[in-house]
Amino acid sequence: MKKLILASLISTCSFVAFADVAVIVNPSNSNSLDKNEIKKIYLGKSKSFADGVKVNPVNQNGNSVVDEFNNKVVGKSSSQLNAYWSKLVFTGKGTPPEKLDSDQAVIDFVVSNADSIGYIDSAKVSDAVKVIATF
Amino acid sequence: MKKLSLAVAICCACVTSYANAEVRINGFASIVGGKTLDNDSTLYEYDNDISFKNESVFALQLSADLQDKLSATAQIVARGENDFNAEFEWAYLTYEFTDELQLSAGKMRVPFYRYSDFIDVGYAYRWVRPPQSVYNIPFSTYEGLSLLHTSQLGDWDSTLQIIYGSFDGNIGVVTYNDKAELNDIAGINWTLSYDWFSARAAYLVAETSIGLSDQEPTGQALNGLEKTLRDNGLVTQANDIAISEDDGTFIGVGFSIDYNDILFDAEYTQLEVENSILAKQSQYYASVGYRMDEIIVHFTYENNDDKHDAADFDKITQIPDLNGAINQALLGTKAQSTVYTIGTRYDFHPSAALKVDFSRFKNDITDTETDVIAVAVDLVF
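This text gives an overview of the structure that appears in the document. All residue numbers refer to positions counted from 1 along the written sequence of the respective chain. The naming scheme follows written order: chains are lettered A onward, ligands numbered 1 onward. A pLDDT threshold of at least 70 governs which residues receive local features in this predicted model, and a stricter bar of 80 or more applies before side-chain atom pairs are shown or counted, although totals over entire chains, interfaces and linings include all residues.

### With respect to the interface of chain A and chain B
So, step 1. A pair of residues counts as a contact when their C-beta atoms, built from backbone coordinates, are separated by no more than 7 Å. Each side of the interface is counted separately: chain A has 13 residues, and chain B has 20 residues.
So, step 2. Classification convention: Asp, Glu, Lys, Arg as charged; Ala, Val, Leu, Ile, Met, Phe, Trp, Tyr, Cys, Pro as nonpolar; all other residues, Gly among them, as polar. Among the residues making up the side of chain A that touches chain B, the classes are represented as three nonpolar, seven polar and three charged.

Structure representation (structure tokens):
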């Protein structure tokens, strides 16, 4: 029994380790961003990259990567984020990033939009995109 | 209903004429059921029979990004208290000069309070309704301009808004149906926030005229008193009763904290319409809450105090009858009350919350208490 618990603990740990979130941009994008800057983009507080190009962020739709990202980078639960955005949306002060359905959809979006930023399961990273940070 | 189809038509027109205009539809709804726990008193329009109508709201927002920094937004709100007749409560154009500066023109919310802008979006706050002792100005929209400047000062976010416009419509001030006209509404408000802390100050002025309805005894009596004074040549006294082109001033300050799942909110407001029968009002509330993942429990204390300054009384002691009548009218506007609310919010779904609030309203002048219990489901979509 103990071994089983130990085994499941190890597998939980390794699962967490594999579920890192990679923040990705188009390979042509040479800006660097730290965690706080990424957070500000996803809260609609900063709207441009350091080089002045308007940033076009995308979110994901209700999967574990979203929870991981919201938890590690934005620091809010999905309910809190919904409440946060509802204050901006219904007062004309902001629009939340568009939501895409999968890691692949985010990769495709980032590949085809030079001004975009997205986040995916770090295990799904491909050469077509540039990883700007991992959490 | 006709208004709603108009909105849909406008929206469709936008879609067809601007091939590249992106139209977004968002919405929010609150279904609220409540009742008083006493037989003979009413509060927040509830009586002893349960009602699902008074505070229920259903709203749709359409926003279209037109070309180049221009957007159009309309919010259509159907209120239960208004038989769910859909009305435009916001309808405005916004031009973004820069990431930090935008100008809006049209029909918008008057930014009196911290929660004014999203006062109907129950999902955005923890109560069933924001504290009514403070959130009691009987109109909430204006037509005009709003200049919004957002910036970052180090780790602080700053939002500065300047508005100018006007309002006219029938509202409940002294009677249930007074005709109000507010001109040259000018206001400024500034919010500073830092991660878990936020502070806000607001100042608004308006040239205020309110005609009291003759359909109700209070309106009749006040209009009668004003006329009697005027007929007797007491113009100053008559003008001090009438609410006619008088200077209205509103001041609001507040702050909120959301730190380690401890929530604290407080707001203080003052409203005065000079040289009028309306009493000087001051109100505040303080609210604490505690968040346990999806559940928030909270407790709120509210206080309202409306009265005329002592200097407003006994202005014409040489005419005892009229002096007495004026004093009585001034006293009639006095109000003093407190409210305690205890409640809970449960985020049972990422975009929906269930709330239960119990409020005890105490009228210190009549020394009566009224209890209201309300259950709400708030959602955003």
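Moving on, there is more to tell.
### So, the sheet that holds strand β5 (residues 130–134) of chain A
Residue and element names in this part refer to chain A.
So, step 1. A strand pair is defined by DSSP finding two or more bridges across the two strands. Helix and strand labels come from DSSP, where a helix needs a run of H or I of at least four residues and a strand needs a run of E of at least two; each type is numbered from the N terminus. Overall, mixed pairing links the five strands, which are arranged β3-β2-β4-β1-β5 in an open sheet. Lying at the two open borders of the sheet, with one neighbouring strand each, are β3 (98–100) and β5. Put simply, the sheet's adjacent strands are angled 35 degrees from each other on average, direction ignored.
So, step 2. On the sheet, helix α5 (residues 103–112) packs against β1 (21–25), β2 (56–60), β3 and β4 (116–121) and is oriented at approximately 155 degrees with respect to β4. Every axis corresponds to a line fitted to the C-alpha atoms, with the helix fit spanning only the stretch in contact, and the corresponding angles, defined between N-to-C directions, vary from 0 to 180 degrees.

### Notes on unusual backbone geometry
Residues and elements named next belong to chain B.
So, step 1. Non-glycine residue D195 carries a positive phi angle of around 40 degrees.
So, step 2. Looking at the secondary structure, you find D195 in the loop between β8 (178–194) and β9 (197–211).
So, step 3. Residues other than glycine seldom take positive phi values, yet N260 does so here, at roughly 50 degrees.
So, step 4. Within the secondary structure layout, N260 lies in the loop between β10 (243–259) and β11 (262–273).

### Section: the nonpolar core
So, step 1. Nonpolar cores are identified as sets of buried Ala, Val, Leu, Ile, Met, Phe, Trp, Tyr and Cys residues joined via C-beta atoms within 7 Å. Partly exposed residues are those whose C-beta has more than 12 but fewer than 20 other C-beta atoms within 10 Å; 20 or more makes a residue buried and 12 or fewer makes it exposed, with C-beta atoms placed from the backbone. B:F28, B:V121 and B:Y123 are the most contacted members of the largest nonpolar core, which has 49 residues in total.
So, step 2. Here the element with the most residues in this core is strand β2 (residues 57–65) of chain B; it accounts for five residues.
So, step 3. Among all residues touching B:F28, those that are not within four sequence positions of it are A:S86, A:F90, B:A59, B:V121, B:Y123, B:L379 and B:V380.
So, step 4. Ranked by size, the runner-up nonpolar core spans 20 residues in total, among them A:V23, A:V55, A:I117 and A:I120.

So, to be careful, I would describe these as geometric facts and stop short of saying anything about function.
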